[in-house]
Amino acid sequence: MNDLSRRGFVAGTGGAIAALVLHGCGDDEPSVPDGNTGVPAGVTEVTLDVAFVQSQLAGRAVKLRAYGGVLPGPTITTHPGDLLRIRVRNRLPEYDSSAWEEDVKVLGHVVGMNVPHELNTTNIHVHGMEVIPHLFEPIGTSNPEAPMIAIGPGQEKTYDFALPPDHPSGLYWYHPHRHGSTAVQVVNGMAGMIVVKGPIDEVPEIAAARDILLAVHDLGLFPSASSPDLWEYDPPQNAMWNPFTGESTIIDPSGGAGAPASSGFSASDYPLRLFLLNGQPFFEEEHNPEVGKTQFPIGKQLEAPRFTVRPGEVVRFRMLNACSDNLLPVVVDEHTMYLLAIDGVNFLETKAVPYVEGAQFGQEQVLLPPAGRAEFLIQASAEPGVYAIRQLFHGTDVQFFASAEKVIAEIVVAGNAVAMGLPGELPTPSRYYPLTTGIDPAARRDVVFNINFDAATVKNKVVGGDFTVNGELYDETSVTFQPKLDTVEEWTLSVEHDAGAAPEGHPFHLHENSFEVVEIGGKAVSPVELRDTVWIPPMEKVVIRVRFKEFPGKTVFHCHILPHEDAGMMQNILVVT
Ligand SMILES: [Cu+2]
């Protein structure tokens, strides 16, 4: 169906670069690779090797950072009450960050750590999972000054996560989360899915449906300086890509003239971006050099992966938006979407969302921010044909760069009709119900995401813009809020725009605790959605309520546009007893 095949190819030096194994290709439906190894019941054990891999994607040679040599990373399947043990072995080579000035402060702001750095140092975050806080050393620490976990080249670390018995059963994912290298690593290939199996899987109509995982992921790529015709993302320290000129410069932090570079850190847009479904490219974008059009990358639809279903068949799709920054408004042509769950936590009953003919942004069936997940059933039309799972276009009034309409996949309805049913009531996720309605919040807090590109006032001179939360850049060794364990808080989320920055929405993510989204733009959300990541539109406020239920310790909330996060749009909190 396209130029992918199961072969990867080995290249590079000293065995440091392995073959990339691509799953699902030829005439097969694309699937995600399985990551579980044979271990006793009650224990889920996975080893993830992180290494550079090389292969061909969309007709180009690419060099990527990947988990286990596969794209996306191996899928982990686990259960409520299980011990999930993940061993991360970092096989990446050393990265030269000697030019990084980590201690720089400007007007009391911590600036240095908000310059991307140590691009081959990693750690792991199990996104959305309700487990011990695991970003800081040691795991579960309540030390407000604790440093972030860093697994350097050649090092390894084993994480033990005890899933609570009432952990929701749904779709989660994992990705690196070391401040300074998160964006480069994720948009270079490092992301994988986690499926927690439980009560939702026992519903007869759901159990009868085929379970198809859809990992949507993007790769940002530059031409390699060392090897012609190779695409990679491996910028030198302090190198920044300017999306208006298309040029990269190694910035002199003291203000002197910068040196040209072959690639640089990007806050959005790339010379080449590939959008993948389960590792297969379905859309590519090139930087648009035309003056006045730079915020509209040149897009090209590729042959979309296909799934064949029978007329009347009920299929369960579970979609992850693992994109580094791209908001996904999704529709399935001509089909009602029967939503079961958002971000792993199922609704109390199936939520039917009809398809709107000719849908535009705002009429999508589900809006997936970066890191968001949607689990839904589709009952295939009685009418044989090809139906797209589609990302709708959104313009520069939504995100700084416009995002073209894309066909993510195609559903081919063919063959003999089958009679299958749809569920009504769903099992109650007992961890979250009853909701917090009626409980007086112990605290009300405001969270404002802001970008400042005004050259006269920008503190982060290397990045060239300040990405802040409540006016502050990220400081690894301090905490801003101290919520009390087992209390409910109400947070109001919004975005602001300073001089030089266009309006842009941001996805808010809180670790370990799903929250109730109760209001968006002054309107009540009904039924209440439980999410771990929510899109904050450019001009609206979002009100959430969160119960800090189980896990004391130091953790974070942040913008899930990953280049924003690495540049400072994150804060630490300390959940106290
Ligand atoms: Cu952001």
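Structure: see above.
Quantities reported herein were computed from a predicted structural model and do not represent experimental measurements.

A.B. asks: Which residues make up the coordination of the copper ion, and what values go with them?
C.D. replies: Those protein atoms acting as donors to the copper ion are His506 (ND1), Cys559 (SG) and His564 (ND1), and they sit at 2.0 to 2.1 Å. The sequence pattern describing where the donors of the copper ion fall on their chain is H-x52-C-x4-H. Of this pair, His506 sits in strand β32 (residues 506-510) while Cys559 sits in strand β37 (residues 553-559), placing them 53 residues apart in sequence. Both residues of the pair, His506 and Cys559, count as buried.

A.B. asks: So what's going on with the pattern of salt bridges? Which residues, and what values?
C.D. replies: Within the structure shown, the criterion is met by 33 salt bridges. Linking Glu410 and Arg306 is a salt bridge whose minimum nitrogen-to-oxygen distance equals 2.9 Å. Placement of Glu410 in strand β28 (residues 406-413) and of Arg306 in strand β20 (residues 306-309) is noted, with a sequence separation of 104 residues between them. Judged by relative accessible area, Arg306 falls into the partly exposed class, the value being 40%.

A.B. asks: Give a description of the sheet that holds strand β25 (residues 366-368) that names residues and reports values.
C.D. replies: Within the open sheet, the five strands sit side by side as β20-β28-β27-β22-β25. Their pairing is mixed. The sheet is open, and its two edges are formed by β20 and β25, each paired on a single side. Taking the axes of each pair of neighbouring strands and ignoring which way they run, one obtains an average angle of 25° across the sheet. Pairing analysis gives seven bridges linking strand β27 (residues 385-391) to β28, with the strands arranged antiparallel. Residue pairing for β28: Ile389 is matched across the bridge by Ala409.

A.B. asks: Describe unusual backbone geometry, listing the residues and the values that go with them.
C.D. replies: Negative phi values dominate among residues other than glycine, just as trans dominates among peptide bonds. Note the cis peptide between Leu71 and Pro72, where omega equals -5°. A cis amide bond, omega -10°, links Glu137 with the succeeding residue Pro138. Tracing the sequence through the fold places Pro138 in the loop between β8 (125-127) and β9 (156-162). Its identity is not glycine, yet Asp229 carries a phi of approximately 70°, on the positive side. Note that Asp229 resides in the loop between β12 (210-223) and β13 (230-232). Look at Asp229 and you get exposed, because its relative accessible area is 68%. Despite not being glycine, Glu334 shows a phi value in the positive range, around 65°. Mapping Glu334 onto the fold places it in the loop between β22 (328-332) and β23 (337-342).

A.B. asks: Got a sec to walk through the layout of surface pockets? Specific residues and values, please.
C.D. replies: If you add up the space inside the largest pocket, you get close to 820 Å³. Lining the largest pocket are 27 residues, with Gly362, Glu364, Leu367, Ile520 and Arg531 sitting closest to its centre. Those elements giving two or more residues to the lining of the largest pocket turn out to be β23, β24 (345-353), β25, β34 (523-531) and β35 (533-536). Along the walls of the second largest pocket sit 26 residues, with Trp241, Pro243, Phe453, Val463 and Gly464 positioned nearest its centre. Elements with a contribution of two residues or more to the lining of the second largest pocket: β14 (239-242) and β15 (247-250). Partitioning the lining of the second largest pocket into residue classes produces 15 nonpolar, eight polar and three charged.

The rules behind the values
- Residues numbered from 1 in each chain as written.
- Predicted model: local features only at pLDDT ≥ 70, side-chain atom pairs only at ≥ 80, totals over all residues.
- Heavy atoms only, no water.
- Donors = N, O, S within 2.8 Å, 3.2 Å for Na, K, Ca; no water.
- Helix = DSSP H or I, 4+ residues; strand = E, 2+ residues; numbered from the N terminus.
- Buried < 20%, exposed > 50% of the residue type's maximum accessible area, 1.4 Å probe, protein only.
- Salt bridge = Lys/Arg side-chain N within 4 Å of Asp/Glu carboxyl O.
- Pairing = 2+ DSSP bridges.
- Axes fitted to C-alpha atoms, helices over the stretch in contact; angles between N-to-C directions.
- 1 Å grid on protein atoms, 1.4 Å probe; cavity = no way out; pocket = protein on both sides within 12 Å on 5 of 7 lines; lining within 4 Å.
- Points joined across faces, edges and corners; volume = space filled by probe spheres on them.
- Nonpolar A, V, L, I, M, F, W, Y, C, P; charged D, E, K, R; others polar.

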